[in-house]
Amino acid sequence: MIDAELWSLFVNAALVNNFVLAYFLGICPYLGVSGRLDSASRMGAAVTFVMLIASLCAYGIHQVLTIMDARYLELIAFIVVIASTVQLVEMFIRKTSPALFQALGLYLPLITTNCAILAVALFQTQRSYGFVESVVFALGAGAGFTLAMVLMAGIREKLRLGAVPDMAQGTAITLVLAGILSLAFMGFAGIGGET
Amino acid sequence: MAESLQAVVPATGAEQFQAGLWRQNPILVQALGMCPVLAVSNTAVNALTMGLATASVLLASALVISSLRRIIPAQVRLASFVLVIATFVTVTDMLIEAIAIDVHRALGAFIPLIVANCLILGRMEAHASRRPPTAAALDALGMGGGFVLCLLTLGSVRELLGNGSLFGIAVMPAGFEPWVVMLLPGGGFFALAGLVLAGRWLSRTPARQGVGP
């Protein structure tokens, strides 16, 4: 694998095909937790972390199920293995690093079956990425999610000073903002190479 | 969240069915299951397929989980729900692949992603796991119906404005300039924002239900 191709994969996952703004994955936490900057960045970090775990699990499961010729079990296996691995890691972090747990812990159970996480597993299998590619893809997707999250939180913090119509408060105004951000992200379309 | 959802569970069967359609509409009011709504609503056909697939998974899982509600231990209930849901999603995925391969290709990874739809897990936790099968089925039908309606509205609007067609048939007059933005991801966000606003506008006139934040 050439470095340039891996870099392009990363940029593609993070900017050009941003999980939130181009694929609409992980919208629920995006709308829910983007109210404040600090919780948004923590959520982003937690999602990146879980994506990495999910990607590693999915790579292993895919190898095993291909050998066993039981591809139809893939979806069920992804869900169960990813969820239980995240639980294990959560317990491990709680024991070994309380500070890290403070930062990530709250969000870990929330995001184990988040669609963005599952999508990393499904996409890398569909596009038959190798091991290194999978890891890079997961990191890129996580970075993209964090970026979108932090941008949105920043805007929403500013917005609190603005006059938003009563009816548009909450979901509606956040969706409009996400639409504008999504249009802005389309400007990255040229830099990532083919999808 | 489970408590607040449970507190407003209506009593009779008909009310239960209607609640999901409008008053507690999963998308407009509860803002659940947004990801597939935005991702596949660029044409009416995709939106309808996705809506029906989600609704049938919801109904089938609700029936099974509600029948098994005394057997499933409380400690592992979420894992059991996910297993049941994932099974039905796999079945639906294969079914769509067998019936309509084109739509299956267009929807791509979003059919398996029904598993992660928080609407389904939410209904299982808040409703199906505590109710007899008939009540659970009615609730699932209502919620599923509300979901399909929203998805179909969104898909039709986006296809109409973005492509000038409906279900693949051109309906707009010849001079119509398509709004390409509606087919792009940004258009999905704008259309859903419009739908949520319209929903709030319409439900504002009767006595406020105290819904939404």
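For clarity, every value in this text was computed on a predicted model and none was experimentally measured. (Residues numbered from 1 in each chain as written. Chains lettered and ligands numbered in written order. Predicted model: local features only at pLDDT ≥ 70, side-chain atom pairs only at ≥ 80, totals over all residues. Heavy atoms only, no water.)

**Quick word on the packing of aromatic side chains**
All names here are of chain A. Enumeration according to the criterion identifies eight aromatic pairs over all chains in this entry. On the numbers, 5.3 Å between centres and 50 degrees between planes, the contact of Y23 with F123 is tilted. Of the two residues, Y23 is situated in the loop between α1 (3–16) and α2 (27–33) and F123 in helix α7 (residues 115–126); the sequence distance between them amounts to 100 residues. Judged by its relative accessible area of 5%, F123 is buried. Ring pairing ties together the aromatic residues F19, Y23, F123, Y129 and F137, which thus form one cluster. Against the face of F123 rests R127, its NZ or CZ located 4.8 Å from the ring centre. (Phe/Tyr/Trp six-rings, centres within 6.5 Å; stacked < 30°, edge-to-face > 60°. Helix = DSSP H or I, 4+ residues; strand = E, 2+ residues; numbered from the N terminus. Buried < 20%, exposed > 50% of the residue type's maximum accessible area, 1.4 Å probe, protein only. Lys NZ or Arg CZ within 6 Å of the ring centre and 35° of its normal.)

**Things to note about the interface of chain A and chain B**
Taken together, the contacts link 37 residues of chain A with 34 residues of chain B. Regarding the contact of chain A and chain B, the summed buried area is about 3000 Å², with carbon and sulfur atoms giving 85% of it. Among the residues of chain A in contact with chain B, F24, M167 and L175 of chain A are the three that bury the most area, contributing 24% of the side total. On the surface where chain A and chain B come into contact, there are zero salt bridges. Across the contact surface, chain A and chain B share zero residue pairs in polar contact (both at pLDDT 80 or more). No other element matches helix α9 (residues 171–185) of chain A, which puts nine residues into the side of chain A that touches chain B. In terms of residue class, the side of chain A that touches chain B is built from 28 nonpolar, eight polar and one charged. (Contact = heavy atoms within 4.5 Å. Buried area = accessible area lost by both parts, 1.4 Å probe. Salt bridge = Lys/Arg side-chain N within 4 Å of Asp/Glu carboxyl O. Polar contact = N/O pair within 3.5 Å; in protein donor to acceptor, adjacent residues only side chain to side chain. Nonpolar A, V, L, I, M, F, W, Y, C, P; charged D, E, K, R; others polar.)

**What to know about the confidence of the model for chain B**
For any part of a model where pLDDT is low, the fine detail of the predicted coordinates should not be relied upon. All names here are of chain B. Here chain B averages 78 in pLDDT, while 86% of its residues score no lower than 70. Note that pLDDT drops below 50 for residues 1–10; the model gives that stretch 17 contacts with residues more than four away or on any other chain. Scored below 50 in pLDDT, residues 206–213 makes four contacts in the model with residues more than four places away or belonging to other chains. (pLDDT = per-residue confidence, 0-100.)

**Describing the packing of helix α3 (residues 37–68) of chain A against α7 of chain A**
All names here are of chain A. Between α3 and α7, the least distance of the axes is 9 Å, while the angle of their chain directions is 40 degrees. The crossing of α3 and α7 is right-handed. Two secondary-structure elements touch here, α3 through V47, V50, M51, A54, S55, A58, Y59 and H62 and α7 through A116, I117, V120, A121, Q124 and T125. (Axes fitted to C-alpha atoms, helices over the stretch in contact; angles between N-to-C directions. Left-handed = near helix turned anticlockwise from the far one by under 90°.)

**Some thoughts on the nonpolar core**
Core analysis: the biggest nonpolar cluster contains 115 residues, and F19 of chain A together with L192 of chain B have the highest contact counts within it. In terms of residues, this core owes the most to one element, α3 of chain A, which gives twelve residues. When sequence neighbours within four positions are dropped, the list of residues in contact with L192 of chain B reads L175 of chain A together with I27, M34, V37, L38 and L154 of chain B. (Core = buried A, V, L, I, M, F, W, Y, C linked by side-chain atoms within 4.5 Å.)

**Observations concerning the pattern of salt bridges**
Scanning the entire structure with this criterion turns up three salt bridges over all chains. Of the charged contacts in the structure, one is a salt bridge between R36 of chain A and D38 of chain A, with a shortest N-O distance of 3.2 Å. Given the relative accessible area of 48%, R36 of chain A is considered partly exposed. For D38 of chain A, a relative accessible area of 39% corresponds to the partly exposed category. With its nearest N and O atoms 3.0 Å apart, the salt bridge here joins D139 of chain B to R123 of chain B. A residue pair is termed long-range when its members are at least 10 positions apart, and D139 of chain B in helix α8 (residues 133–163) and R123 of chain B in helix α7 (residues 118–126) qualify at 16 residues. There is no split in this pair, since D139 of chain B and R123 of chain B are both buried.

**A word on a nonpolar patch on the surface**
Residue and element names in this part refer to chain A. A surface patch of nonpolar side chains, about 260 Å² in accessible area, is lined by L56, F131 and V132. Mapped onto the fold, L56 is located in helix α3. By relative accessible area, which is 40% here, L56 ends up partly exposed. (Patch = residues over 30% accessible without salt bridge, like charges linked within 9 Å, V, L, I, M, F, W, Y side chains within 5 Å. Areas by Shrake-Rupley, 256 points an atom, 1.4 Å probe, with all protein chains shown as cover.)

**Things to note about the confidence of the model for chain A**
Looking at chain A as a whole, its pLDDT mean stands at 81, while 92% of the residues score no less than 70. Across chain A, the element-wise mean pLDDT spans from 68 in helix α6 (residues 108–111) of chain A up to 89 in helix α8 (residues 131–159) of chain A.

**Some remarks on unusual backbone geometry**
Residues and elements named next belong to chain A. Backbone geometry at F24 places phi at a positive 55 degrees, although glycine is not the residue there. Even without glycine at this site, S128 takes up a positive phi of about 40 degrees. Locating S128 in the fold gives a position in the loop between α7 and α8.

**Remarks on helix α4 (residues 74–96) of chain A**
An ideal rise of 1.5 Å per residue puts 33 Å on 23 residues; α4 of chain A measures up with 32 Å between its terminal C-alpha atoms. For α4 of chain A, the complete set of buried residues consists of E74, L75, I76, F78, I79, I82, V86, E90 and I93 of chain A. (Expected span 1.5 Å × (residues − 1).)

**A look at the packing of α3 of chain A against α4 of chain A**
Residue and element names in this part refer to chain A. For the pair α3 and α4, the least separation of the axes is 9 Å and the interaxial angle reads 135 degrees. The angle between α3 and α4 places the two elements in the oblique class. Once α3 is placed against α4, the crossing between them reads as right-handed. In this structure, α3 contributes F49, V50, I53, A54, C57, A58, I61, H62 and L65 to the contact, and α4 contributes E74, A77, F78, V81, I82, T85, V86, V89 and I93. Taken together, the residues of the contact of α3 with α4 break down into 15 nonpolar, two polar and one charged. (Parallel < 35°, antiparallel > 145°, perpendicular 65-115°, else oblique.)

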